Amino acid sequence: MIQAWMILILIGLISIPTYYAVQENNKNIEREQQEKEKREKAEEQRYQEKINELNPDFTLGSRRFPLFIKDMKLIYGKDKELNLKNAVYDFFEREILIIPPMDTHFSLFNIYIGEGDKELKQRIIGALDECGLGRIKYWFQISEDDELSSYFYFGNGKAYAYKMDSVDYFKISGQKDIENKWYLINIEFAPHFVSDYEVETTSKSNGKIRGNAGAALVGGAFAGTTGAIIGSSMGQSTQMTTTIHSNNSTKLREIPATVLLTLKNSAGEKITISEKMIEEEVVMLKKHFLAEFSDNENKGSLALEIQKLEELFKQGVLTEEEFSRGKKKILD
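What counts and how
- Residues numbered from 1 in each chain as written.
- Predicted model: local features only at pLDDT ≥ 70, side-chain atom pairs only at ≥ 80, totals over all residues.
- Heavy atoms only, no water.
- 1 Å grid on protein atoms, 1.4 Å probe; cavity = no way out; pocket = protein on both sides within 12 Å on 5 of 7 lines; lining within 4 Å.
- Points joined across faces, edges and corners; volume = space filled by probe spheres on them.
- Helix = DSSP H or I, 4+ residues; strand = E, 2+ residues; numbered from the N terminus.
- Phe/Tyr/Trp six-rings, centres within 6.5 Å; stacked < 30°, edge-to-face > 60°.
- Buried < 20%, exposed > 50% of the residue type's maximum accessible area, 1.4 Å probe, protein only.
- Lys NZ or Arg CZ within 6 Å of the ring centre and 35° of its normal.
- Core = buried A, V, L, I, M, F, W, Y, C linked by side-chain atoms within 4.5 Å.
- Contact = heavy atoms within 4.5 Å.
- Lys, Arg positive; Asp, Glu negative; His and termini not counted.
- Salt bridge = Lys/Arg side-chain N within 4 Å of Asp/Glu carboxyl O.
- Polar contact = N/O pair within 3.5 Å; in protein donor to acceptor, adjacent residues only side chain to side chain.
- Patch = residues over 30% accessible without salt bridge, like charges linked within 9 Å, V, L, I, M, F, W, Y side chains within 5 Å.
- Areas by Shrake-Rupley, 256 points an atom, 1.4 Å probe, with all protein chains shown as cover.
- Charge placed at Lys NZ, Arg CZ, Asp CG, Glu CD.
- Pairing = 2+ DSSP bridges.

> Would you mind going over the layout of surface pockets with me for this structure?
The rolling of a water-molecule-sized probe over the atoms marks out the regions of remaining empty space. The calculated volume of the second largest pocket comes to roughly 350 Å³. Taken together, 15 residues make up the lining of the second largest pocket; nearest its centre are F65, P66, L67, I111 and Y112. Mapped by element, the contributors of at least two residues to the lining of the second largest pocket are β2 (66-70), β7 (109-112) and α2 (118-130). By residue number, the principal contributor to the lining of the second largest pocket is β7, which donates four residues.

This is the structure in structure tokens:
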């Protein structure tokens with residue numbers, strides 16, 4: 001009887017603090033929920049006050065990430081503005097890129113779209129279209145360089161060359177002289193590949209062992225499987241054949257290589273920039289950015305590209321196979 005009362009007392013000593021701990025935890029959860037609702041209500045109120053104050057042409061984003069368009073200006077964050085006049089844009093699955101007017105220090109503005117939020121993406125694209133922003137057809141990135149700083153503003157160390165239509169010239173974000181038109185007049189590039197080696201080895205053993213069962217059992221009892229083989233083969237004939245097959249394969253993998261791009265502006269000034277690209281990107285440049293040459297200029301350019309390849313081959317940078325492949329692509 002005494003033991004039963006002691007057990008009940010112990011249960012009470014354990015359960016009472018647990019009960020109060022659970023109650024306190026529930027109060028904390030309820031308090032946090034109330035604070036969250038209070039913050040969300042305050043955010044919503046500030047958001048609505050901002051909308052009433054701005055009277056924007058387009059209301060985008062959300063109360064946590066407000067985004068508005070008013071009088072051709074994108075308003076975001078804490079009253080930050082981006083001029084959309086003469087800006088252009090492009091979009092991908094979860095990102096919208098805006099290249100602002102060339103006379104600003106911005107080179108690119110990113111709007112990241114949450115996963116599955118297709119409606120927001122379409123609303124932003126629709127608003128940009130209504131504001132008259134053109135969509136970029138082709139573009140490539142230019143890295144910051146001391147020589148180029150006199151021509152462009154670089155935002156985060158980058159500028160962007162882009163084309164809107166089929167004309168030969170293109171524009172570059174952050175141009176200091178917004179009247180300049182740019183042309184790509186020469187490309188020097190040799191693709192670079194590295195070799196990945198794979199070795200696959202398989203072995204197969206065939207054989208016959210002749211011996212009496214007793215020897216095998218004794219050998220197995222004292223020495224395990226190997227002992228069984230030794231025991232069974234003592235004084236007997238053993239024939240074992242092991243065949244090993246090795247398959248060696250080499251796979252070429254392309255890595256970004258240096259490409260030299262010669263640009264010329266409408267003032268007749270030429271600059272050469274160096275970037276890292278893969279062959280697919282260079283093909284895009286040749287197809288959509290490279291200005292047409294006369295026959296003589298084109299032949300001279302091809303000869304120069306082949307000469308550069310030969311120099312790399314002689315220096316051991318390119319293998320004979322890589323040199324032949326690069327030469328064929330230039331001539332093609």
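> Before we go on, may I ask you to explain the packing of aromatic side chains in this structure?
To describe a pair of aromatic rings, one takes the distance between the centres and the angle between the planes. The final tally for this structure, using the stated rule, is 12 aromatic pairs. Look at Y151 and W182: their rings are 5.6 Å apart centre to centre, the planes differ by 80 degrees, and that puts the pair in the edge-to-face class. Of this pair, Y151 sits in the loop between β9 (138-143) and β10 (158-163) while W182 is found in strand β12 (residues 182-189), placing the two residues 31 residues apart along the sequence. Across the pair, exposure class does not vary: Y151 and W182 are buried alike. Where F152 meets F154, the ring centres are 6.2 Å apart and the plane angle is 85 degrees; that geometry is what we call edge-to-face. What makes F154 buried here is its relative accessible area of 15%. An aromatic cluster is defined as three or more aromatic residues linked by ring pairs; in this entry it consists of Y151, F152, F154 and W182. Geometry around Y169 places K181 over its ring, the cationic atom sitting 4.6 Å from the centre.

> Before we go on, may I ask you to explain the nonpolar core in this structure?
Nonpolar side chains in soluble globular proteins generally cluster together in the buried interior. Formed by 24 residues in total, the largest nonpolar core has its most connected members in I142, I172 and L261. Contributions of two or more residues to this core are made by β9, β10, β12, β15 (257-265), β16 (270-277) and α4 (279-288). Apart from residues no more than four positions distant in its own chain, L261 is found in contact with F140, L184, N186, I187, I271, T272, I273, M277 and L285. Residues L84, I96, A127 and L133 belong to the second largest nonpolar core, which totals 22 residues.

> Explain the side chain of E275 to me, please; I cannot follow it from the model alone.
Inspection of the secondary structure assignment puts E275 in strand β16. Look at E275: it is buried, it has no salt bridge, and the nearest opposite charge is K158 at 7.3 Å. Only 2.7 Å separates the side chain of E275 from the backbone nitrogen of S143, close enough to count as a polar contact. When near neighbours in sequence (up to four residues on either side) are disregarded, E275 contacts Q141, I142, S143, A257, T258 and V259.

> What is the right way to read a negative patch on the surface from this model?
On the surface, E144, D145, D146 and E147 cluster together into a patch of negative charge. Within the element layout of this structure, E144 appears in the loop between β9 and β10.

> Would you take a moment to explain the sheet that holds strand β11 (residues 171-172) for this structure?
In any sheet, the strands associate via hydrogen bonds between backbone groups, in a parallel or an antiparallel arrangement. With respect to topology, three strands assemble into an open sheet ordered β9-β10-β11, the strand pairing being antiparallel. Either end of the sheet is taken by a strand with one partner, and the two such strands are β9 and β11. Bridging between β10 and β11 involves two bridges; their strand directions are antiparallel. Note that in β11 the partner of A161 across the bridge is I172.

> Explanation requested: unusual backbone geometry in the structure shown.
Among all residues except glycine, the phi angle is most often negative; among peptide bonds, the trans geometry is most common. Even without being a glycine, D71 presents a positive backbone phi close to 50 degrees. In this fold, D71 is placed in the loop between β2 and β3 (73-76). Take D71: its relative accessible area is 55%, and that puts it in the exposed class. Residue M72 is not a glycine yet carries a positive backbone phi of 60 degrees. When you line up the elements, M72 lands in the loop between β2 and β3.

> Help me understand the pattern of salt bridges, please; the structure alone is not making it clear to me.
Proximity of charged atoms lets side chains of opposite charge pair with each other. This structure, assessed with the given rule, holds two salt bridges. Note that R135 is salt-bridged to D90, the shortest N-O span being 3.0 Å. Of the two residues, R135 is situated in strand β8 (residues 134-135) and D90 in strand β5 (residues 88-91); the sequence distance between them amounts to 45 residues. Residue classification places R135 among the partly exposed residues on the basis of a relative accessible area of 41%.

> Would you explain the sheet that holds β5 in this entry?
Spatial ordering of the open sheet is given by β7-β6-β5-β8, a layout of four strands whose pairing is mixed. The sheet is open, and its two edges are formed by β7 and β8, each paired on a single side. Inspection of the sheet shows strand β6 (residues 95-99) paired to β7 by four bridges, in the antiparallel sense. Residue pairing across strands places E95 opposite Y112, the latter belonging to β7.

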